[in-house]
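Here are the chains, one letter per residue:
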Amino acid sequence: MKSRFAPSPTGYLHIGGARTALFAWLWAKKEQGQFILRIEDTDRERSTQASVDAILDGMKWLGLDHDEGPYYQTDRFDRYKTVVQQLLEEDKAYYCECSQERLQVLRDELMEKGEKAKYDGHCQHKNLTAGVVRFRNPSEGNVIFSDLVKGEISVHNKELDDLIIARSDGTPTYNLTVVVDDHDMDVNCVIRGDDHINNTPRQINLYEALGWGLPDFAHLPMILGGDGARLSKRHGAVSVMAYRDAGFLPEALLNYLVRLGWSHGDQEVFSIDEMIDLFDLKDVNKAPGSFNQDKLIWLNQEYIKSADIDHLVDQLDWHLNDQSIDISNGPDITNVIDALRERSKTLVEMAQSMKMFYQDFDQFDEKSAKKQFKPAAEPIIKALIDHYSKLEDWSSAAIHDVVKTVCDEQSVGFGKVGQPFRLALSGTGNAGSIDIVAELVGKDRTLARLQMALDYIAQIDN
RNA sequence: GUCGCCUUCGUCUAUCGGUUAGGACCCCAGGUUUUCAUCCUGGUAAGAGGAGUUCGAUUCUCCUAGGCGAUGCCA
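Conventions and cut-offs
- Residues numbered from 1 in each chain as written.
- Chains lettered and ligands numbered in written order.
- Predicted model: local features only at pLDDT ≥ 70, side-chain atom pairs only at ≥ 80, totals over all residues.
- Heavy atoms only, no water.
- Near = heavy atom within 4 Å.
- Polar contact = N/O pair within 3.5 Å; in protein donor to acceptor, adjacent residues only side chain to side chain.
- Helix = DSSP H or I, 4+ residues; strand = E, 2+ residues; numbered from the N terminus.
- Nonpolar A, V, L, I, M, F, W, Y, C, P; charged D, E, K, R; others polar.
- Expected span 1.5 Å × (residues − 1).
- Buried < 20%, exposed > 50% of the residue type's maximum accessible area, 1.4 Å probe, protein only.
- Core = buried A, V, L, I, M, F, W, Y, C linked by side-chain atoms within 4.5 Å.
- Contact = heavy atoms within 4.5 Å.
- Patch = residues over 30% accessible without salt bridge, like charges linked within 9 Å, V, L, I, M, F, W, Y side chains within 5 Å.
- Areas by Shrake-Rupley, 256 points an atom, 1.4 Å probe, with all protein chains shown as cover.
- Salt bridge = Lys/Arg side-chain N within 4 Å of Asp/Glu carboxyl O.
- Lys, Arg positive; Asp, Glu negative; His and termini not counted.
- Charge placed at Lys NZ, Arg CZ, Asp CG, Glu CD.
- Domains from an automatic or database assignment.
- Buried area = accessible area lost by both parts, 1.4 Å probe.

Among the 58 residues in the neighbourhood of RNA strand B, the closest are listed as Arg167, Gly261, Lys305, Arg343 and Ala431. Those atoms of RNA strand B that come within 4 Å of the protein belong to sugar or phosphate at a rate of 66%. Within the backbone of Gly261, one N or O atom sits 2.3 Å away from a phosphate oxygen of RNA strand B. Measuring from a sugar or linking oxygen of RNA strand B, one finds a side-chain N or O atom of Ser263 at 3.0 Å. Of all elements in the fold, only α4 (100-112), β12 (289-290), α10 (293-306) and α17 (414-426) reach the threshold of two or more residues within the surface near RNA strand B. By residue class, the composition of the surface near RNA strand B is 13 nonpolar, 23 polar and 22 charged.

What follows is the structure, given as structure tokens:
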């Protein structure tokens, strides 16, 4: 068994493409077959190297590795020419020199008459020797195939016209190259978006004209935006790498994508191995799905909570760099991650929260400071500084004991001490349990920040 | 216009003719908690419409509507 992902390099790897790639990849793994990557760059006007790189980067980040390729169609023009020539010689194709204008007029007329807009075979028997090359599509009968996800699909040959397989400059077009490649590369399971369903009967006719055996076809439903329209930029990020940048873990994205159009009972969270084990094309839904960022965020948080610490360190690296956070001068990053993982929805958030452990700040969040740093807090903070400066065992347990001692001495509840302390430590008030945070922030920084809080209160008094 | 595909809570989905139509996200309420978060409990919410087949349809068939796709010398 061999499947493939065959994007055209006219932009970044987007969410829909990634889902198609994932399903094709999963099915190959599941069937212990191969997965190949092919770049369909026959449209030289729109294809760019930057897009090729972006697609490769996206696939790599997602971990969707290929067994063969990447193949480039532009490397195979000689082969396509040979096939076109063969079709010409066998009279299964012919040259056509109808102008674009004539074709446009023809389409308009047919549409106006309520008919299917298709080529009328004007050059069919002219025996021309130049122009575009058209494939002689059968005019009778039906093309019927059994799609692995959609079931039986039937189209009348009457609906199909003689499609162009080579442009007037001699370059081949999609419907020809895809057939030649899938055949030559032994792809026997074509998994792609269902926007290709309409092309499939044409391609089947081409396979038959060439005397080649048919692959299985599996057409995946599209991914739509929240409003039911085709997913596009206005629905938020559509580029896979934009999700990396926004702080998502690749396995969270993959998990989200695999559940869009496929399910296994009530299970929501799947490891890669489980996906491979449980995935089955026959369980793929026919209906299109809408992309829902809230659920992706939930999954991302689930993965952040449970991920292997080394993996998080790896994934965080890009974000630390992006936010210019230097972790060499501060606590062990694994301890910080553990303190933060239950309160971070994304890696971007986590990196932001990490700043308080590695960077000093010169002011407190104004709103919180007004609330917490009132004159009444002064003796409490003074007491904390007093105790902590003498504390030798800088452990969360000892730090916690001091807070309790201060509560007793000042005859106040935990909150009266904990809240200003937390704000002093974090600058924003958002932090986990104060004893652990204080331990990680370190004795010197803790004392300096408490002193800063004291200075703030003094400045309010004046 | 024509052809093809699709249609269960707002969203992702379960259901292989008989269920109080289940789960998850979101949202709401309550509980745990030194803030936030985590965690726990509970709640709101669905079979597009119409025929037919059947003792019985979300499930099978047909029609309608709606959505998406194709109708390119794009892929």
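Back to the text.
A separate point is helix α2 (residues 49-62). Given a rise of 1.5 Å per residue, 14 residues ought to cover 20 Å, and the 20 Å separating the end C-alpha atoms of α2 matches this to within 8%. All of the buried residues along α2 are Ser51, Val52, Ile55, Gly58, Met59, Trp61 and Leu62.

Here the focus is the nonpolar core. The biggest cluster of nonpolar side chains holds 104 residues, and the ones touching the most others in it are Phe291, Phe373 and Tyr388. No other element matches the ten residues that helix α1 (residues 15-30) contributes to this core. Once you skip the residues sitting within four places of it in the chain, Tyr388 turns out to touch Trp394, Ile399, Val402, Val403, Phe421, Lys443, Leu447 and Leu450. Judged by nonpolar contacts, the second largest core, of 31 residues, contains Val83, Phe135, Phe145 and Trp212.

For the rest of this paragraph, the subject is a negative patch on the surface. Together, Asp308, Asp310, Asp314 and Asp317 make up a negatively charged patch on the protein surface. For Asp308, the position within the fold is in the loop between α10 and α11 (309-322).

Here we come to the domain arrangement of chain A. Domain annotation for chain A reports domain 1 (2-223), domain 2 (307-359) and domain 3 (361-462). Centre-to-centre, using C-alpha coordinates, domain 2 lies 23 Å away from domain 3. The interface of domain 2 with domain 3 comprises eleven residues on the first partner and twelve residues on the second. For the pair domain 2 and domain 3, the summed buried area comes to about 830 Å², and 61% of that belongs to carbon and sulfur atoms. Here domain 2 and domain 3 share zero salt bridges between them. Our count for the contact surface shared by domain 2 and domain 3 stands at five residue pairs in polar contact (both at pLDDT 80 or more). Breaking the side of domain 2 that touches domain 3 down by element, the ones donating at least two residues are α12 (333-340) and α13 (347-358). Classifying every residue of the side of domain 2 that touches domain 3 gives six nonpolar, four polar and one charged.

We now examine the environment of Lys374. Along the chain, Lys374 falls in the loop between α14 (366-372) and α15 (378-390). Of the residues examined, Lys374 reaches a relative accessible area of 45% and is grouped as partly exposed. For the pair Lys374 and Leu454, spaced 80 residues apart in sequence, the C-alpha to C-alpha distance is 9.9 Å.

Counted by the stated rule, this structure contains 28 salt bridges. Linking Asp91 and Arg136 is a salt bridge whose minimum nitrogen-to-oxygen distance equals 2.8 Å. Linking Asp91 in the loop between α3 (77-89) and β4 (93-96) with Arg136 in the loop between β5 (132-135) and β6 (142-147), this pair joins segments that are 45 residues apart in sequence. Judged by relative accessible area, Asp91 falls into the partly exposed class, the value being 44%. Across the salt bridge formed by Lys282 and Asp280, the nearest N and O atoms sit 3.9 Å from each other. Residue classification places Asp280 among the buried positions, given a relative accessible area of 18%. Each of Arg4, Arg38, Glu40, Arg76, Arg79, Asp181, Asp182 and Asp184 takes part in salt bridges that share partners, so that together they form one network.

So, on to the environment of Glu392. Structurally, the position occupied by Glu392 is in the loop between α15 and α16 (396-410). Among the residues examined, Glu392 registers a relative accessible area of 77% and is labelled exposed. Considered as a pair, Glu392 and Ser3 are 389 residues apart in the sequence and their alpha carbons are 63 Å apart.

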